[in-house]
Amino acid sequence: MSATPKPKVTVVLANLGTPDEATAPAVRRFLKQFLSDTRVIEIPKLLWWIILNLFVLPFRPKRVAEAYASVWSNDSPMREIVLEQTRLIKQRLEDENHHFDLTVVPAMTYGQPSIYGVLSQLEKSPQEHVILLPLFPQYSATSTAPLYDAFARWIPKQRHLPGLTIMKDYHQHPMFIQALADSVLNYQSQHGKAEKLLMSFHGIPQPYADKGDPYADRCRVTARLVAEALHLNEDEWAISFQSRFGKQEWVKPYTDVLLEQWGKAGVKSVQVLSPAFSADCLETLEELAIQNKEIFQHAGGGEYAYIPALNTDQAHIDLLASLVQANLDGLTHTLAHR
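Model, not experiment: these values are computed from the prediction. (Residues numbered from 1 in each chain as written. Predicted model: local features only at pLDDT ≥ 70, side-chain atom pairs only at ≥ 80, totals over all residues. Heavy atoms only, no water.)

1. Here's the deal with the domain arrangement of the protein
Link 1 in the chain: Taken domain by domain, the protein comprises domain 1 (6-168 + 313-333) and domain 2 (172-304).
Link 2 in the chain: Put simply, the middle of domain 1 and the middle of domain 2, counted by C-alpha atoms, are 24 Å apart.
Link 3 in the chain: With 32 residues of domain 1 in contact, the opposing surface of domain 2 contributes 24 residues.
Link 4 in the chain: For the pair domain 1 and domain 2, the summed buried area comes to about 2,300 Å², and 68% of that belongs to carbon and sulfur atoms.
Link 5 in the chain: Three residues, Glu42, Gln138 and Leu319, lead the burial of domain 1 against domain 2; their summed loss comes to 26% of the area buried on that side.
Link 6 in the chain: Here domain 1 and domain 2 share 1 salt bridge between them.
Link 7 in the chain: Across the pair Lys211 and Glu42 runs a salt bridge, and its minimum N-O distance is 3.1 Å.
Link 8 in the chain: Run the count over domain 1 and domain 2 and you get 11 residue pairs in polar contact (both at pLDDT 80 or more).
Link 9 in the chain: Put simply, the parts of the chain that give the side of domain 1 that touches domain 2 at least two residues each are helix H2 (45-56), helix H3 (60-71), helix H4 (77-96) and helix H12 (314-336). (Domains from an automatic or database assignment. Contact = heavy atoms within 4.5 Å. Buried area = accessible area lost by both parts, 1.4 Å probe. Salt bridge = Lys/Arg side-chain N within 4 Å of Asp/Glu carboxyl O. Polar contact = N/O pair within 3.5 Å; in protein donor to acceptor, adjacent residues only side chain to side chain. Helix = DSSP H or I, 4+ residues; strand = E, 2+ residues; numbered from the N terminus.)

2. Quick word on the pattern of salt bridges
Link 1 in the chain: Taken as a whole, this structure holds 13 salt bridges when the rule is applied.
Link 2 in the chain: Put simply, Arg87 and Glu84 hold a salt bridge, and the shortest N to O gap is 2.7 Å. Here Glu84 and Arg87 lie together in helix H4, a separation of 3 residues that amounts to about one turn.
Link 3 in the chain: Accessibility expressed as a relative area gives 43% for Arg87, which makes it partly exposed.
Link 4 in the chain: Judged by its relative accessible area of 29%, Glu84 is partly exposed. (Buried < 20%, exposed > 50% of the residue type's maximum accessible area, 1.4 Å probe, protein only.)

3. What to know about the UniProt feature "binding site: Fe(2+)" (unreviewed entry) in the protein
Link 1 in the chain: In this structure's numbering, the residues bearing the UniProt feature "binding site: Fe(2+)" (unreviewed entry) are His202 and Glu283. Across 82 residues in sequence, these annotated residues keep their C-alpha atoms within 8.5 Å of one another, forming a single compact spot.
Link 2 in the chain: You can see His202 is positioned in strand E5 (residues 196-202).
Link 3 in the chain: When near neighbours in sequence (up to four residues on either side) are disregarded, His202 contacts Tyr215, Phe241, Gln242, Ser243, Ala276, Phe277 and Glu283.
Link 4 in the chain: With respect to the helices, strands and loops of the structure, Glu283 is situated in helix H11 (residues 282-298).
Link 5 in the chain: Polar contacts involving the side chain of Glu283 include one to the side chain of His202, which spans 2.7 Å. (UniProt positions renumbered as here; feature names shortened; annotations may be inferred.)

4. Thoughts on unusual backbone geometry
As a rule of thumb, non-glycine residues mostly have phi less than zero, and peptide bonds are mostly trans rather than cis.
Link 1 in the chain: Residues Gln112 and Pro113 are joined by a peptide bond in cis, for which omega reads -5°.
Link 2 in the chain: When you line up the elements, Pro113 lands in the loop between strand E2 (101-111) and helix H5 (115-124).
Link 3 in the chain: Of note, the bond from Lys252 into Pro253 is cis; its omega dihedral lies within 30 degrees of zero at 0°.
Link 4 in the chain: Looking at the element boundaries, Pro253 is found in the loop between strand E6 (237-242) and helix H10 (255-264).

5. Structural notes on the sheet that holds strand E7 (residues 269-273)
Link 1 in the chain: The parallel open sheet is built from 4 strands, whose spatial order is E6-E5-E7-E8. Looking at the sheet topology across the chains shown, the edges are occupied by E6 and strand E8 (303-307). Neighbour-to-neighbour, the strand axes of this sheet turn through a mean angle of 25°, independent of strand direction.
Link 2 in the chain: Inspection of the sheet shows E7 paired to E8 by 5 bridges, in the parallel sense. Paired with Val272 across the two strands is Tyr306, which belongs to E8.
Link 3 in the chain: Across the face of the sheet, H11 comes into contact with E5, E6, E7 and E8 while running at roughly 165° to E8. (Pairing = 2+ DSSP bridges. Axes fitted to C-alpha atoms, helices over the stretch in contact; angles between N-to-C directions.)

6. Thoughts on the packing of helix H1 (residues 24-35) against H3
Link 1 in the chain: Packing of H1 against H3 leaves a shortest axis separation of 8 Å and a crossing angle of 110°. In terms of orientation, H1 lies roughly perpendicular with respect to H3. The way H1 lies across H3 gives a crossing that is right-handed. Side by side, H1 and H3 meet where Ala24, Val27, Arg28, Phe30 and Leu31 of the first sit next to Arg60, Pro61, Lys62, Val64, Ala65 and Tyr68 of the second. (Parallel < 35°, antiparallel > 145°, perpendicular 65-115°, else oblique. Left-handed = near helix turned anticlockwise from the far one by under 90°.)

7. A word on the pairing of E6
Link 1 in the chain: Of all the 6 residues making up E6, 5 are buried; the element is thus mostly covered by neighbouring parts of the structure.
Link 2 in the chain: Pairing analysis gives 6 bridges linking E5 to E6, with the strands arranged parallel. Looking at E6, one finds that Phe201 is bridged to Phe241.

8. Here's the deal with the pairing of E2
Link 1 in the chain: Summarising burial for E2: 9 of the 11 residues are buried, a large majority.
Link 2 in the chain: Here strand E1 (residues 8-18) runs beside E2; their pairing, made up of 10 bridges, is parallel. If you follow Thr10 over to E2, its bridge partner there is Thr103.

This is the structure in structure tokens:
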């Protein structure tokens, strides 16, 4: 008598995305896909089409490509890190889940490996369950929600649908907070403690927050919990938001403005952490680590250092694997014992 096939389960680790190459044409393709998403840009479609195609795409890709080239190695830093995260988490989960036919795959909302490519593969090999883990610690309609949208477009076309679990975020998970705090302590054990710790998050337009996007509030919770874990006084740390685009108001305080103020005030040293990123990318390695350093020091500030994202740190892999494992444990009662 043949053994019963193991239930097929796919875990999708998804990040925002990155261009295929550090070239203007590749960046243009990436920006067009990214900035055409109405989750990201809520300007009326016709007006935004004109702005995007006449003012953004003709000029911005060359400048962005040069920035990518400054941090590019064999591949985009984000893609290299996400692929390695996938390998490590797959290894961990396979060792602990012998009762599933388990697959762990990387995906990007924009660029490659595409979330749509992943969903296409699922059609060819129907799964009993799919677990989606967006690698955004703090939920936002501008980052996490497009992954929900991808599944929402895919579902009506399927006959044999899998069970589906989407993890919203993990902005206050104790393992996440401790991993961030430990990353700061480990860095400071080698480089010393700075006068100020700045936790800088990717920004969103203020109108998005006004309409109910919880992202900024979740960032504030993360920052407060990390500060508490590090036993910092109020004058030893701050939160800010980076990467404004366009002329509308974004959530405040702004990272560049705050750093300029600190520089003018004669702050002697700053260490910057970006808890919104599960993988280092252009925004952290070029904008945060280089551009903002220049702003701070040009204004009169002293030492400036960027503390890397959690990336493939062991504590980070432990956290991500734990989040998935909690869902797999629940599936053992509905799938594994058939």
